[in-house]
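Understanding the architecture of this molecule
Okay, here's what each chain looks like letter by letter:
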Amino acid sequence: GQLTGYNRLPTDPDDKGRGLQFLYDVPLQVSVEVGRSKILLRDLLKMGEGYVIELDKLAGDPLDLYVNSRLIARGEAVMVGEKFGIRLTDVVSTSDRIEKLG
């Protein structure tokens, strides 16, 4: 699904999102992953400034957005002023998001 708004939960009475309003102000850890790689311990010990680690994603592949270490969405890197941001392109459904955080 696509992102339709911030802090919105469905109004369907059968949805698991109802009754969670008291949790809206709970802080969650958000991280964005560019890619992964496995390295040998000897390579870890050789690392220094300028060392390059090849990641498993191609340039232009979507970035993964994790909330509390659970994959929630994918998106593309954008600039927000002088900072990096992520524009979401593929988002897990609201009910699945709640279930994954549970």
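A short tour of the structure in this document, coming up. By convention here, each chain's residues receive numbers from 1 onward along its written sequence. Side-chain atom pairs in this predicted model are given and counted only at pLDDT of 80 or more, local residue features only at pLDDT of at least 70, and totals for whole chains, interfaces and linings cover all residues. Computation of side-chain values: all heavy atoms of the structure, hydrogens and water removed.

Quick look at the environment of L58
- Looking at the secondary structure, you find L58 in the loop between α1 (41-46) and β2 (63-67).
- Accessibility here uses a 1.4 Å probe with only protein chains present; expressed as a share of the type maximum, an area under 20% marks a residue as buried, one over 50% as exposed, and anything in between as partly exposed. On the basis of relative accessibility, which here comes to 64%, the residue L58 falls in the exposed class.
- For the pair formed by L58 and G35, sequence separation is 23 residues and the distance between their alpha carbons is 8.7 Å. Working definition: helices are DSSP H or I runs of at least four residues, strands are E runs of at least two. Numbering for both runs from the N terminus.

So, a nonpolar patch on the surface
- A grouping of V34, I39, L41, L44, L45, M47, Y51, I53 and L55 is seen on the molecular surface, where their side chains present a nonpolar patch of about 810 Å² in accessible area.
- Considering the arrangement of structural elements, one finds L55 in the loop between α1 and β2. Put simply, a patch holds well-exposed residues, over 30% relative accessible area, that have no salt bridge, with like charges counted together within 9 Å and Val, Leu, Ile, Met, Phe, Trp or Tyr side chains within 5 Å. Surface exposure here means Shrake-Rupley accessible area, sampled with a 1.4 Å probe, where a residue is shielded only by the protein chains that are shown. Each salt bridge in this description consists of a side-chain nitrogen of Lys or Arg and a carboxyl oxygen of Asp or Glu lying within 4 Å of one another.

Brief notes about the pattern of salt bridges
- Applying the stated criterion to the full structure yields five salt bridges.
- The partner of R36 in a salt bridge is E33, and the shortest N-O contact between them spans 2.8 Å.
- We classify E33 as buried; its relative accessible area is 19%.
- Where R87 meets E76, a salt bridge forms, and the shortest distance between an N and an O atom there is 2.8 Å. Taken together, the residues span a long stretch of sequence, with R87 in strand β4 (residues 83-91) and E76 in strand β3 (residues 70-80) at a distance of eleven residues.
- In this structure, a network of salt bridges that share partners links the residues K57, D64 and R74.

A closer look at the side chain of D64
- Examined against the element boundaries, D64 turns out to sit in strand β2.
- In this structure D64 comes out as buried when scored by relative accessible area, which is 7%.
- Each polar contact in these results corresponds to two N or O atoms within 3.5 Å; when the atoms are within protein, one needs to be able to donate a hydrogen and the other to accept it, and residues that are neighboring in sequence are counted only if both atoms are side-chain atoms. Here the side chain of D64 touches K57 through a polar contact of 3.2 Å, side chain to side chain.
- Polar side-chain contacts of D64 include one of 2.9 Å to the side chain of R74.
- Contact criterion: two residues are considered in contact whenever any of their non-hydrogen atoms come within 4.5 Å of each other. Setting aside residues up to four positions removed in sequence, D64 forms contacts with S31, V32, E33, K57, L71, A73 and R74.

Thoughts on unusual backbone geometry
- Positioned with a positive phi, N68 is a non-glycine residue whose angle comes to about 50°.
- Following the sequence through the fold, N68 ends up in the loop between β2 and β3.
- Classification of N68 by relative accessible area gives partly exposed; the value is 38%.
- Notably, S69 is not glycine yet its phi reads approximately 70°, a positive angle.
- Structurally, S69 is set in the loop between β2 and β3.
- On the basis of relative accessibility, which here comes to 68%, the residue S69 falls in the exposed class.

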